[in-house]
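Structure assessment
Chain by chain, the residues:
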Amino acid sequence: MMNARYLIAAALAALVTMSADGGIHYEFHQVKSSSTPGAKPVILIGAATIDGPKSRVEVREGSSSGVGQYVVTTNGGTEYAVVNPESQSYTVRHSGEVAQGVQALGVTVRNMKIEQEYLGSGPQIAGYPTEHYKITANYDVAVNVGDLSLEQHVVATIEKYTTLAFGDVAPAFFGAPPTTGNSEIDLLIEAETTKIPGFPLKQAITVVSTLDESALPQSSLIQVQPSRQRRTEMTVTAIGRVDPKPGLFRIPVEFERLDNPMQ
């Protein structure tokens, strides 16, 4: 199966709320960019259908390797499948892998400070009025690379334009927010996923990380970029209530399950 990173990113951007009354179908446009030299924006255009604890997110167009694939879950995101219709295969993933990934990277987060603001009414998006919220998180990150510890200060800004037209946020869709085992990261995840009411019709996440170059030994040959900015912006372009078709959330029985997501 092709690399599923962009599909999962799209799923996480899209699957943050659910309707309190019936199914919702919406289309979205997502752009990921980075200040890293030579990095090109990654564009995803797709659609999502959510019906209670069941969901399906499709990537229809874009510049990533995940175009044509989709993510489906029937239990609110605890377990989800990345499906590749072209190869007639799929890979099952679990939310607990987030914690394993953080631990495997040797990432330490500390000094987390989070501020949440309500910025008033926002513009109409996809035909619905919105409310504007902003979360700002400042924290320090240490990443262990062999015997070397790279220290960074991070400022993450999350802006959301939400609507209550489709019901308030329902945390039961995911159950409890996914945890990483790091209390500070979990605090940020909780703030992002449960503290802002409404369905996000637009969301922009900007992360600026600045390296503490004094932590590098003078003899180090590692070439690093002192400061880097990453931004992910997702906008809903159309949304409405639907009665999902039978079988929309099922994986065809003839598709092969792959244990290695990189196959």
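Each chain carries its own residue numbering, running from 1 in the direction its sequence is written. Per-residue local features are limited, in this predicted model, to residues with pLDDT of at least 70; the limit for side-chain atom pairs, both in listing and counting, is 80 or more; totals at the level of whole chains, interfaces and linings are taken over all residues. By convention in this description, side-chain values take in all heavy atoms of the structure and omit both hydrogens and water.

**Quick notes on the overall build of the protein chain**
- Note on conventions: DSSP H or I runs of at least 4 residues are helices, E runs of at least 2 residues are strands, and numbering of each starts at the N terminus. Each helix and strand counted, the protein chain has three helices and 12 strands in total.
- Only protein chains enter the area calculation, which uses a 1.4 Å probe; residues under 20% of their type maximum are buried, those over 50% are exposed, and those in between are partly exposed. A burial count over the protein chain gives 41% of its 263 residues as buried.
- Contact definition: two residues touch when any of their heavy atoms are within 4.5 Å. For the protein chain, the proportion of contacts with a sequence separation of at least 24, taken over those separated by at least 6, is 63%.

**Considering the nonpolar core**
- For this analysis, a nonpolar core means a set of buried residues of the types Ala, Val, Leu, Ile, Met, Phe, Trp, Tyr and Cys, connected via side-chain atoms within 4.5 Å. Counting residues in hydrophobic clusters, the biggest one holds 14 residues, and the most contacted among them are Ile24, Tyr26, Phe28, Phe199, Leu201, Val236 and Ile239.
- When contributions to this core are tallied by element, the ones reaching two or more residues are β1 (23-34), β2 (42-51), β10 (199-211) and β11 (227-242).
- Tyr133, Ile135, Tyr139 and Ala156 belong to the second-largest nonpolar core, a separate cluster that totals 13 residues.

**A short note on the environment of Ile43**
- Its location among the elements puts Ile43 in strand β2.
- We classify Ile43 as partly exposed; its relative accessible area is 32%.
- For Ile43 and Val31, which are 12 residues apart along the polypeptide, the C-alpha to C-alpha distance reads 4.6 Å.
- Once residues lying within four places of it in the same chain are set aside, the contact partners of Ile43 are His29, Gln30, Val31, Glu61, Gly62, Ser63 and Ser64.

**Overview of the pattern of salt bridges**
- Salt bridges are defined by distance alone: a side-chain nitrogen of Lys or Arg within 4 Å of a carboxyl oxygen of Asp or Glu. The tally for this structure, following the rule as stated, stands at six salt bridges.
- Notably, a salt bridge pairs Glu58 with Arg56, separated by 2.9 Å at the nearest N-O pair.
- A relative accessible area of 15% means that Arg56 is categorised as buried.
- Residues Glu58 and Arg60 are paired through a salt bridge, measuring 3.4 Å at the closest nitrogen-oxygen approach.
- Residues joined in a network through salt bridges with shared partners are Glu27, Arg56, Glu58 and Arg60.

**Brief notes about the pairing of β1**
- By the convention used here, strands pair only if DSSP detects at least 2 bridges between them. Of the strand pairs in this sheet, β1 and β11 are connected by 12 bridges, and their pairing is antiparallel. The residue of β11 that forms the bridge with Ile24 is Arg241.
- Inspection of the sheet shows β1 paired to β2 by nine bridges, in the antiparallel sense. Bridge pairing in β2 places Gln30 opposite Leu44.

**Brief notes about the environment of Ser65**
- Assignment of secondary structure puts Ser65 in the loop between β3 (54-62) and β4 (70-73).
- C-alpha separation for the pair Ser65 and Val42, spaced 23 residues apart in sequence, amounts to 10.0 Å.

**As for the confidence of the model for the protein chain**
- With 69% of its residues at a pLDDT of 70 or more, the protein chain shows a mean pLDDT of 78.
- Confidence of the predictor in every single residue is expressed as pLDDT, which spans 0 to 100. Per-element confidence in the protein chain ranges from a low mean pLDDT of 46 for helix α1 (residues 5-14) to a high of 94 for strand β12 (residues 256-257).
- A low-confidence stretch, residues 1-20 (pLDDT under 50), is modelled with 73 contacts involving residues beyond four sequence positions or located in other chains.
- Overall, residues 169-176 carries pLDDT values under 50, and its contacts beyond four positions in sequence, including any with other chains, amount to 22 contacts.

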